Amino acid sequence: MKNQILLAKFIFVYILFLSILTILCSLKKENDIAQFLKYTTLSNEQNFKVLYNQYKKNSTLISEMLQQNKEIMNILSHTKTTDKNLKIINQKKLLDNPFISYKVLKEVNIKELHFILPNNESYLFFSQSKIYKNYSSNFSEITEYINQTKKPIGGFIQNDKLENITFFHPLFSSKHKYLGAIAISFDTKIFNNNFHTTNNQKFTAFTYLPNITYNKQLLSKIPHDKFDNSYSFYDYSDHTITTLIPIKTIITEELLGIFTIQNHSTYINNIINTYYISLLLFYLFFSALFIYIYKINFKFKNTIKQLAHELHIQEIILFKKSKMAQLGEMIDSVAHQWKTPISIIKLYAEHSILLLQSKNKDIKKVVEFQNKSILQINHLVNTIDEFKAFYKPVSVLENIPIKAVIDSTLILMKDELIRHTINTNIKGDTTSVFSIIPNEFKHILINLFNNSKDAFIKNDIDNRIITLNIINDYKYSQLEIYDNAGGIPEDVLNHIFEPNFTTKNNEMGDGVGLYIVKKIIEKIDGKIEAQNTNDGVCFKIKIRNIDFIG
């Protein structure tokens, strides 16, 4: 009877534990999905703003070029004339001006060009297909704003459909006399196509709210008719993420429409699959663990071999956990290292286009830009190759120059070291060959570099230096790694290689880094020790030479 009660309690604890585990995994899944949707929203919103600002810059450039055209500005300086014949003559001159012809409008993707007087009267209206004289302007609110502020303004214009992005710029004569405004409009369809092409989206579209009923599925997913912020949601049926960006009127900032972005994403589906797979693995693992404990309690079976095996599994898990954490940091580092070369390549490409479009084509300069771009591309390739090499799960001993392993690690850590102004210095026998597992040894170096980096930050060290000294004698290949970060307290120094021992808070460390380092070195018959120096700490790694017997 007692055994049955104990078994019932055991099963209750088992079910309770798995229930809590399921809830925690589910919360993590939902949080990961929410974070990814938040990232997607921010990314799409940023891409939208970048393209919008490009149109804004184009309108500013066109406005400046118009004001620099003396003939056009001379005509506009006489807009207030009461002489109807003179007005007609001036309008005809404006129409005949080649700078604002249909052909030019199409070349720069301008849909409409509209000259508006301070009294909101339309002086002349151009479009790619039609011309309207004395067109009645419906921009009174905007005209009043420009009359008062003499500042440009722009945005999306409300009409039967959400068709135009219009930017209004004040016009001044050569004598700085205010003449009115020019409205430069672009087609939202072209904007939509540009966004689609630039960002490789599955579907993008403007939607004017009164006509949104054509898409009932989309309407049902909008929580209310009006919203202030962009947001994204995931459709589980077709694995698409939809981002909704509100479009507002220029002056009153009332909701005018939405910009809808849809793109296919397997990332969230992978999160969900990972959740179920992880849950299944957890169930299997902890079920096996509970069964094992049950047998221990009821059958008194406890073997040293089984405990050693489980300890080995835990060490593998800790090692993988530590390495995956490093991989995450290095992915961020590689991304940072790519940003500058990509920006430089873009700059060279833009300059080359300008040179080729100029009257005096400087081919020599274009070739020079091309060669420089190739050098930047080679740097990108080298960086990603080093990252891929670190990622490969190779566990075979190799005889390899330790300098090559150090250089490869420094490439992976380059951005992190630069970000924290840490200099490195390699000295000693740089030709020395170590018998090691290269990827695991990189893992060791990254751990030690990160520890030094944290110490530099904690102790607020200005001149930050990590020195690597290579020593080779008949018995051991040695690598000394020391910094000037202030050292480790003596009462802590004797415990740093113990598992789960850390002086950092939970967010900064879990106490497994140096423990894993020690295990990796011992696996290849090596030793590691740490001692304080005058201004820092020195880690000494000793690897037995293959040729040494004894």
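Residues numbered from 1 in each chain as written. Predicted model: local features only at pLDDT ≥ 70, side-chain atom pairs only at ≥ 80, totals over all residues. Heavy atoms only, no water.

Asks: It is not clear to me how the overall build of the protein should be interpreted in this structure. Could you clarify?
Replies: Looking only at helices and strands, the protein features 14 helices and 17 strands. The buried share of the protein, taken over its 550 residues, is 40%. A sequence separation of at least 24 residues applies to 64% of the contacts in the protein between residues at least 6 apart. As displayed, the protein has an accessible area near 32,300 Å², and 57% of this comes from carbon and sulfur atoms. (Helix = DSSP H or I, 4+ residues; strand = E, 2+ residues; numbered from the N terminus. Buried < 20%, exposed > 50% of the residue type's maximum accessible area, 1.4 Å probe, protein only. Contact = heavy atoms within 4.5 Å. Areas by Shrake-Rupley, 256 points an atom, 1.4 Å probe, with all protein chains shown as cover.)

Asks: It is not clear to me how the pairing of strand 15 (residues 476-483) should be interpreted in this structure. Could you clarify?
Replies: Within strand 15, seven of the eight residues are buried, leaving the element largely enclosed by the surrounding structure. Relative to strand 17 (residues 537-544), strand 15 runs antiparallel, the two being bridged by seven bridges. The residue bridging Glu-480 from the neighbouring strand is Lys-540, located in strand 17. (Pairing = 2+ DSSP bridges.)

Asks: Is there a simple way to think about helix 12 (residues 438-459) in this case?
Replies: An α-helix turns once every 3.6 residues. As a result, residues three or four positions apart point the same way. Between the first and last C-alpha of helix 12 there are 32 Å, a value that for 22 residues agrees with the 32 Å anticipated at 1.5 Å per step. Most of helix 12 is tucked away: 17 of the 22 residues are buried. Among the residues trailing helix 12, Asp-460 stands out with phi positive, at a value near 55 degrees. (Expected span 1.5 Å × (residues − 1).)

Asks: Would you take a moment to explain a nonpolar patch on the surface for this structure?
Replies: Together, Phe-12, Val-13, Leu-16, Ile-20, Ile-23, Leu-24 and Leu-27 give the surface a local cluster of nonpolar side chains, amounting to about 700 Å² of exposed area. When you line up the elements, Phe-12 lands in helix 1 (residues 2-68). (Patch = residues over 30% accessible without salt bridge, like charges linked within 9 Å, V, L, I, M, F, W, Y side chains within 5 Å. Salt bridge = Lys/Arg side-chain N within 4 Å of Asp/Glu carboxyl O.)

Asks: Which parts of the structure should I look at to understand the packing of aromatic side chains?
Replies: The relation between two aromatic rings is expressed through the spacing of the ring centres and the mutual angle of the planes. Tallied over the full model, the rule gives 18 aromatic pairs. Arranged with centres 5.7 Å apart and planes meeting at 55 degrees, the rings of Phe-172 and Tyr-178 form a pair that is tilted. For Tyr-178, a relative accessible area of 16% translates into the label buried. These aromatic residues form a ring-pair network of at least three members: Phe-48, Tyr-52, Tyr-55, Phe-156, Phe-167, Phe-186, Phe-191, Phe-195 and Phe-259. Here the basic side chain of Lys-150 rests over the ring of Tyr-178, its NZ or CZ set 4.6 Å away from the ring centre. Seen from the ring of Tyr-476, Lys-542 lies directly overhead, with NZ or CZ sitting 5.9 Å from the centre. (Phe/Tyr/Trp six-rings, centres within 6.5 Å; stacked < 30°, edge-to-face > 60°. Lys NZ or Arg CZ within 6 Å of the ring centre and 35° of its normal.)

Asks: Any chance you could explain the environment of Ser-185 here in plain terms?
Replies: Along the polypeptide, Ser-185 turns up in strand 6 (residues 178-187). Distance in space between the C-alpha atoms of Ser-185 and Ser-59 is 8.4 Å, their sequence separation being 126 residues. The residues contacting Ser-185, other than those within four sequence positions of it, are Ile-110, Lys-111, Glu-112, Asn-164, Ile-165 and Thr-166. A distance of 2.7 Å separates the side chain of Ser-185 from the side chain of Thr-166, its partner in a polar contact. (Polar contact = N/O pair within 3.5 Å; in protein donor to acceptor, adjacent residues only side chain to side chain.)

Asks: What is the right way to look at the packing of helix 11 (residues 402-419) against helix 12 in this model?
Replies: The geometry of a pair of packed helices is captured by two quantities: the angle between their axes and the separation between those axes. Contact pair helix 11 / helix 12: the axes reach a minimum separation of 10 Å and the direction vectors enclose 50 degrees. Considering their axes alone, helix 11 and helix 12 lie oblique with respect to each other. Crossing angle aside, the handedness with which helix 11 passes helix 12 is right-handed. Between helix 11 and helix 12, the contacting residues are Ile-402, Val-405, Ile-406, Ser-408, Thr-409, Leu-410, Met-413 and Glu-416 on the first element and Pro-438, Phe-441, Lys-442, Leu-445, Ile-446, Phe-449, Asn-450 and Lys-453 on the second. (Axes fitted to C-alpha atoms, helices over the stretch in contact; angles between N-to-C directions. Parallel < 35°, antiparallel > 145°, perpendicular 65-115°, else oblique. Left-handed = near helix turned anticlockwise from the far one by under 90°.)

Asks: Would you mind going over the sheet that holds strand 12 (residues 422-428) with me for this structure?
Replies: Paired through their backbone hydrogen bonds, the strands of a sheet run either parallel or antiparallel. Strand order across the open sheet formed by five strands is 12-14-15-17-16, with mixed pairing between neighbours. At either end of the open sheet lies a strand with only one pairing partner, and these are strand 12 and strand 16 (526-532). The sheet shows a mean angle of 15 degrees between the axes of neighbouring strands, direction not considered. Looking at chain direction, strand 16 and strand 17 are connected through seven bridges and run antiparallel. Directly across from Asn-532, in strand 17, lies its bridge partner Val-537. Running at roughly 170 degrees to strand 12, helix 11 makes contact with strand 12, strand 14 (464-472) and strand 15 of the sheet. Across the sheet, helix 14 (residues 513-523) lies against strand 16 and strand 17, angled at about 140 degrees from strand 16, the strand it touches most.

Asks: Just checking my understanding: could you explain helix 5 (residues 140-149) for this structure?
Replies: Those residues of helix 5 lying buried are Ile-142, Thr-143 and Ile-146. The buried residues of helix 5 occupy an angular sector of 100 degrees when projected down its axis, which confines them to one face. Buried residues along helix 5 sit against strand 1 (112-116), strand 4 (153-157), strand 5 (164-172) and strand 6. In the segment just after helix 5, Lys-150 is the residue with positive phi, at about 55 degrees. (Arc of directions from axis to C-beta.)

Asks: When you look at the side chain of Asn-164 in this model, what are you seeing that I'm missing?
Replies: Relative to the elements of secondary structure, Asn-164 occurs in strand 5. When its relative accessible area of 6% is taken as the criterion, Asn-164 is described as buried. A polar side-chain atom of Asn-164 sits 3.0 Å from a polar atom in the side chain of Lys-111.

Asks: Got a minute to help me understand the environment of His-264 in this structure?
Replies: Along the chain, His-264 falls in strand 10 (residues 255-264). Taking relative accessible area as the criterion, His-264 reaches 48% and is therefore assigned partly exposed. The spatial distance from the C-alpha of His-264 to the C-alpha of Ile-241 is 6.4 Å, given a sequence separation of 23 residues.

Asks: Sorry if this is basic, but what is going on with the pairing of strand 17 here?
Replies: Put simply, side chains in a regular strand alternate between the two faces of the sheet. Buried residues dominate strand 17, accounting for six of its eight residues. Connecting strand 16 to the next strand, strand 17, in antiparallel fashion are four residues.

Asks: I keep staring at the confidence of the model for the protein and nothing clicks. Help me out?
Replies: The predicted structure's coordinates, where accompanied by low pLDDT, should not be read in detail. Mean pLDDT over the protein: 77, with 73% of residues reaching 70 or higher. Across the protein, element-level confidence peaks in strand 12 with a mean pLDDT of 93 and bottoms out in strand 3 (residues 131-133) with 52. (pLDDT = per-residue confidence, 0-100.)

Asks: Even after reading the chapter, I still don't get the pattern of salt bridges, so can you show me in this structure?
Replies: Any two side chains of opposite charge can pair if their charged atoms end up close together. For the structure shown, the criterion picks out five salt bridges. Residue Lys-28 is joined to Asp-32 by a salt bridge in which the shortest nitrogen-to-oxygen separation is 2.8 Å. Of this pair, Lys-28 and Asp-32 both sit in helix 1, four residues apart, which is roughly one turn of the helix. The exposed category is assigned to Lys-28, whose relative accessible area is 53%. For Asp-32, a relative accessible area of 26% translates into the label partly exposed. With a shortest N-O distance of 3.3 Å, Glu-30 and Lys-29 are connected by a salt bridge.

Asks: Honestly, the packing of helix 12 against helix 14 in this entry has me stumped. Any pointers?
Replies: Running from N to C, helix 12 and helix 14 cross one another at 150 degrees; their axes reach a closest spacing of 10 Å. As summarised for this structure, helix 12 and helix 14 are arranged roughly antiparallel, according to the angle between their axes. In the crossing of helix 12 with helix 14, the sense of the turn from one axis to the other is left-handed. For the pair formed by helix 12 and helix 14, the contact residues are Glu-440, His-443, Ile-444, Asn-447, Leu-448 and Asn-451 on the first element and Gly-513, Leu-514, Ile-516, Val-517, Ile-520, Ile-521 and Lys-523 on the second. Taken together, the residues of the contact of helix 12 with helix 14 break down into seven nonpolar, four polar and two charged. (Nonpolar A, V, L, I, M, F, W, Y, C, P; charged D, E, K, R; others polar.)

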